[in-house]
Amino acid sequence: MKTDIVLAGVGGQGILSIAATIGMAALHSNLHLKQSEVHGMSQRGGAVQSHMRVSDKEIASDLIPMGAADIILSVEPMESLRYLPFLSKDGWLVTNTTPFINITNYPSIEDVLAEIKKFKNHILIDADKIAEEFGSKRSSNIVMLGAASPFFNIPFESFEEGIRKIFGRKGDDIIQINLKALRAGKEFTEKNR
Amino acid sequence: MQKLLLLGDEAIAQGAMDAGISGIYAYPGTPSTEITEYVQASKFAKENNIRSTWSTNEKTAMESALGMSYAGKRTMVCMKHVGLNVAADAFMNASITGVNGGLIVVSADDPSMHSSQNEQDSRFYAKFAMIPVLEPSNQQEAYEMAYFGFELSEKFKLPVMLRITTRLAHSRAGVQTMPLHKQNDNSLPTDLRQFVLLPAIARRNYKGLLNSQSGLEQESEKSKYNNYFEGKDKSLGIITTGIAYNYLMENFQDKQLNFPVLKICQYPIPRKQVMQIVKECKKILVIEEGYPIVEEMLKGYQEAGTPVIGRLDGTLPRDGELNPNIVAKALGFETKTDDRIPEIVKNRPPSMCTGCGHIDAYVALLQALSEYSEGRVFSDIGCYTLGALPPYNAINSCVDMGASITMAKGAADAGLIPSVAVIGDSTFTHSGITGLIDCVSDNSPVTIIISDNFTAGMTGGQDSKALGRIENICIGVGVHPDHIKVFKPTKKNMDEMIQVMKEELAYQGVSVIIPRRQCIQTMKNKVLVEKVKELGL
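Procedures and definitions
- Residues numbered from 1 in each chain as written.
- Chains lettered and ligands numbered in written order.
- Predicted model: local features only at pLDDT ≥ 70, side-chain atom pairs only at ≥ 80, totals over all residues.
- Heavy atoms only, no water.
- Helix = DSSP H or I, 4+ residues; strand = E, 2+ residues; numbered from the N terminus.
- Rg over C-alpha atoms; globule rule 2.2 N^0.38 Å.
- Buried < 20%, exposed > 50% of the residue type's maximum accessible area, 1.4 Å probe, protein only.
- Contact = heavy atoms within 4.5 Å.
- Lys, Arg positive; Asp, Glu negative; His and termini not counted.
- Charge placed at Lys NZ, Arg CZ, Asp CG, Glu CD.
- Buried area = accessible area lost by both parts, 1.4 Å probe.
- Salt bridge = Lys/Arg side-chain N within 4 Å of Asp/Glu carboxyl O.
- Polar contact = N/O pair within 3.5 Å; in protein donor to acceptor, adjacent residues only side chain to side chain.
- Nonpolar A, V, L, I, M, F, W, Y, C, P; charged D, E, K, R; others polar.
- Pairing = 2+ DSSP bridges.
- Domains from an automatic or database assignment.
- Expected span 1.5 Å × (residues − 1).
- Core = buried A, V, L, I, M, F, W, Y, C linked by side-chain atoms within 4.5 Å.

1. With respect to the overall build of chain B
In step 1: A count of helical and extended segments in chain B gives 20 helices and 20 strands.
In step 2: A globule of 537 residues ought to have a C-alpha radius of gyration of about 24 Å, and chain B, at 25 Å, matches this closely.
In step 3: Within chain B, the fraction of its 537 residues that count as buried is 61%.
In step 4: Put simply, of all contacts in chain B between residues at least 6 apart along the chain, 78% involve residues at least 24 apart.
In step 5: The positive charge centre, built from 54 side chains, and the negative charge centre, built from 59, are 4 Å apart in chain B.

2. Section: the interface of chain A and chain B
In step 1: Contact residues are listed per partner, giving 43 residues for chain A and 46 residues for chain B.
In step 2: The largest contributions to the chain A side of the interface with chain B come from His39(A), Met41(A) and Arg44(A), which together make up 21% of the buried area.
In step 3: Viewed at the interface, chain B and chain A are joined by four salt bridges.
In step 4: Here Arg172(B) and Glu37(A) are joined by a salt bridge, their closest N and O atoms 3.0 Å apart.
In step 5: Taken together, the links from chain A to chain B amount to 20 residue pairs in polar contact (both at pLDDT 80 or more).
In step 6: Looking at the side of chain A that touches chain B, the elements with two or more residues in it are helix 1 (15-28), strand 2 (32-36), strand 3 (47-55), helix 2 (77-82) and helix 3 (109-117) of chain A.
In step 7: Partitioning the side of chain A that touches chain B into residue classes produces 20 nonpolar, 12 polar and 11 charged.
In step 8: Of the strand pairs in this sheet, strand 2 of chain A and strand 7 (residues 171-176) of chain B are connected by two bridges, and their pairing is antiparallel. When the bridges of strand 7 of chain B are listed, Ser36(A) appears paired with Ser171(B).

3. Remarks on the domain arrangement of chain B
Often, the extent of an interface is quoted as the loss of accessible area on bringing the components together.
In step 1: Split into domains, chain B comes out as domain 1 (3-211), domain 2 (227-330) and domain 3 (357-535).
In step 2: Relative to domain 3 of chain B, the C-alpha centre of domain 2 of chain B lies at a distance of 48 Å.

4. Remarks on the pairing of strand 10 (residues 261-264) of chain B
Regular strands place side chains that alternate from one sheet face to the opposite one.
All names here are of chain B.
In step 1: Residues Val261 and Lys263 of strand 10 are buried on one face, and the alternating residues Leu262 and Ile264, pointing to the opposite face, are buried as well.
In step 2: With three bridges connecting them, strand 8 (residues 227-229) and strand 10 associate as antiparallel partners. Across the sheet, the residue bridging to asparagine 227 is lysine 263, located in strand 10.

5. A closer look at helix 4 (residues 58-70) of chain B
Residue and element names in this part refer to chain B.
In step 1: Taking 1.5 Å of rise per residue, the 13 residues of helix 4 would be expected to cover 18 Å, and the 18 Å separating its terminal C-alpha atoms lies within 8% of that figure.
In step 2: Buried residues along helix 4 sit against strand 2 (21-26), strand 3 (74-80), helix 5 (81-97), strand 4 (103-109) and helix 17 (425-442).
In step 3: With a side-chain oxygen positioned 2.9 Å from the backbone nitrogen of lysine 59, the residue opening helix 4 is asparagine 57.
In step 4: At the C-terminal side of helix 4, glycine 72 shows a positive phi close to 100 degrees.

6. Some remarks on the sheet that holds strand 12 (residues 284-288) of chain B
In step 1: Strand order across the open sheet formed by five strands is 8-10-9-12-13 (chain B), with mixed pairing between neighbours. On the outer flanks of this sheet lie strand 8 and strand 13 (308-309) of chain B, each paired with one strand and no other.

7. Section: the nonpolar core
Residue and element names in this part refer to chain B.
In step 1: Ranked by internal contacts, the top residues of the largest apolar core, which has 65 residues, are Ile12, Met76, Val106, Leu162, Ile238, Leu248 and Ile287.
In step 2: The element best represented in this core is helix 7 (residues 139-156), accounting for eight residues.
In step 3: The residue makeup of this core includes at least three contributed by each of domain 1 (3-211) and domain 2 (227-330).
In step 4: For leucine 162, the residues in contact, after removing those within four places along its chain, are Ile12, Met76, Ile104, Val105, Val106, Ser107, Leu134, Pro136, Ala142, Met145 and Ala146.
In step 5: Grouped together as the second largest cluster of nonpolar side chains are 49 residues, Tyr384, Ile423, Met458 and Val477 included.

Next comes the structure, spelled out in structure tokens:
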């Protein structure tokens, strides 16, 4: 079974930390992995994406073909729409609802959310608010990963293991906060899908 | 031996360390930067004295690597494709000197120009220099080619190019490592005049290079990275190079591939296999990432008049990066062209960070220039290039490293006075100093703004060779100390900045203005913060 994910956001929002956690989770589940990142100029506040492919079979292309992604996981609502041509008909669009506004012509957030709702399989989650509720706004990206986790062909325990590996150096407190964030995201999706 | 999760760049670095390099030389440049950073962060490299600090530019890196090779050690030099232009003098002549210790030149190309001014294909440089190229199709091959590339280099006594593109450089996958090779002992070349390129010796060496070409071709023909896959359906033969192979195979995940396929990952082109596929098949499709270099050469190989299709006839786009869909279309497969990006999605180009010192410098400059006609600001390669975008629209050129100063000089020579150059600290030491000497020697009426943020910002905050040296360099090359002005670019200092800039713009000679404030992205870099304090900057 494969899972193709397009990770989306704005340079500086830290989508690569989500990618790293998925990578560790895939490794823990003994799966093949290819993850294409954007470095360089776009990291300065531009639109950034990462193609992440996880499979029990060998993976050919580093890039996901159009219309083949199982998940768009976006930490910014308008950015989630930019990669729609990659999403498969039955794929899931999972996005944070907090906009990142660094351009003058950013559309109204209501219009953006309305556009997202046109797509059948979507999860809209205010990850910043959920993360803030247990006192760590910085873990909102992990809330997002948790919210997308039910759509992966990777066991949830592997994501937890990924968190332990990625945040291992930062101490047990940070690990626990991020595990909490991961579970909170997962619970949100289970209630709202 | 272990399995690691590595970027293509990191796989190359790991392969080189496992192959026993004694040093790596580089100037940061996307998408090559992470190779050297991986070595810099490696405990193994520290314990084994593998030198890895940044070089001042790609040319000094290439030459240092050649020196290390002269002394018998294995070494790698890394750069982005346009960096090879800077290193080209040393690079081209290194194929004439040949090497002693194994030498790999990594050139990371950027098709689709994700972070570059052009999408030149480094394979042309290797062909020009007549040296072998290794072009991995995946991270494992990237590792292995770095690992085995040194053997190839030492066998033929030539530099070897390892060519990658952005996609592989910045994509992560599992990599199996190989047994550690110990570093070479010091040993001088058997002929101590091998590296003396006096005409008589150069002519002899060049003949040697020409004579080695057939051996290199045979090496390609038996390379385990060049593979001929038989296929029953001879109506089409497919040749792929490097990473393009993956995009082909992506289209046959649930279909049978019946066409013969030649996967090329080592050059010179394996003539035997190429002739075989050309003879066997009615038509040849060439899929390569970058310029149509194999496609063009193939047209010259033809005996039977087999049609060759690819980037040159429009079967594939002539420019830009490949992807599975583009290749599907070339194969005649139906592709999903459903363009569903809603209109509501607006472009989000990169921009300078909120609170960046370059912004304050530009705001002041625009004010100071307001009394002159527009179109007189020459800029350079770095974060401040983003000053070209709204709301600043502040610059009129971005060409190559160092070109701001020399283009401003040329424009001033032509009567565009004042002319302004905007260059960063790291770019200034990379290639700006020589241009500044030209300005001083003509006393050109130029105002040079060296926007000093103590780092190479765009590539992720690498060390700047200019740190704490800029004023001394300027004075040293002859800029009058009265016309070297330093200030901290902040909103509070805006009036003073505008005033200083106005005065220097009016001065009919060389002025250097240094807006100086640490890059906000590097504030967490304790070593740098400490150094800045120590230097009193």
